[in-house]
Amino acid sequence: MNHQYRLKVEDTALLVVDMQEKLLPKIMQAEEVIRNASFLVNAAKVLGVPVLGTEQYPEGIGANGRTNKRNADKGLGKADFFCGGRGWGARIS
């Protein structure tokens, strides 16, 4: 069966946003978020889907934590609470 909107590995990536240790205490149910993000990262790796991870102002807040840092194929530092729109296509390709 051929689906018009089926995801293809060559056109797909998993973006894990701002999983920094210093931000986690502010996230409701952080352990569940970490567990779910880890599941998605592992599934992406099994399927051959690239994993990208953003870091919100890593110089001040610190690096990504246990979910992202060791698993991301590419890390993207940023200085604002946004990861979309103009310019992001070039950063993630």
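Residues numbered from 1 in each chain as written. Predicted model: local features only at pLDDT ≥ 70, side-chain atom pairs only at ≥ 80, totals over all residues. Heavy atoms only, no water.

Moving on to the overall build of the chain. When you go through the chain residue by residue, the secondary structure sums to three helices and three strands. Going from N to C terminus, the chain has its helices and strands arranged as β-α-β-α-β-α. Taking all 93 residues of the chain together, 31% fall into the buried category. Sequence separation of 24 or more characterises 60% of the internal contacts of the chain that already satisfy a separation of 6 or more. (Helix = DSSP H or I, 4+ residues; strand = E, 2+ residues; numbered from the N terminus. Buried < 20%, exposed > 50% of the residue type's maximum accessible area, 1.4 Å probe, protein only. Contact = heavy atoms within 4.5 Å.)

Of all the six residues making up strand S2 (residues 51–56), six are buried; the element is thus mostly covered by neighbouring parts of the structure. Residues Val51, Gly53 and Glu55 line one face of S2 and the alternating positions Leu52, Thr54 and Gln56 line the opposite face, and both faces are buried. The pairing of strand S1 (residues 14–17) with S2 spans four bridges and is classified as parallel. Each residue of the ladder has a partner; that of Val16, found in S2, is Gly53. (Pairing = 2+ DSSP bridges.)

Turning next to the environment of Ala13. Mapped onto the elements, Ala13 comes out in the segment before S1. Judged by its relative accessible area of 43%, Ala13 falls in the partly exposed class. In the structure, Ala13 is positioned 38 residues away from Val51 in sequence and 5.8 Å away in space, judged by C-alpha atoms. In this structure, Ala13 is in contact with Val49, Pro50 and Leu52, ignoring residues within four places of it in sequence.

One finds Leu14, Val16, Met19, Leu24, Ala30, Ile34, Ala37, Val41, Ala44, Val49 and Val51 forming the largest nonpolar core, which totals 11 residues. When residues of this core are traced back to their parent elements, those giving at least two are S1 and helix H1 (30–47). In terms of residue count, the dominant contributor to this core is H1 (five residues). (Core = buried A, V, L, I, M, F, W, Y, C linked by side-chain atoms within 4.5 Å.)

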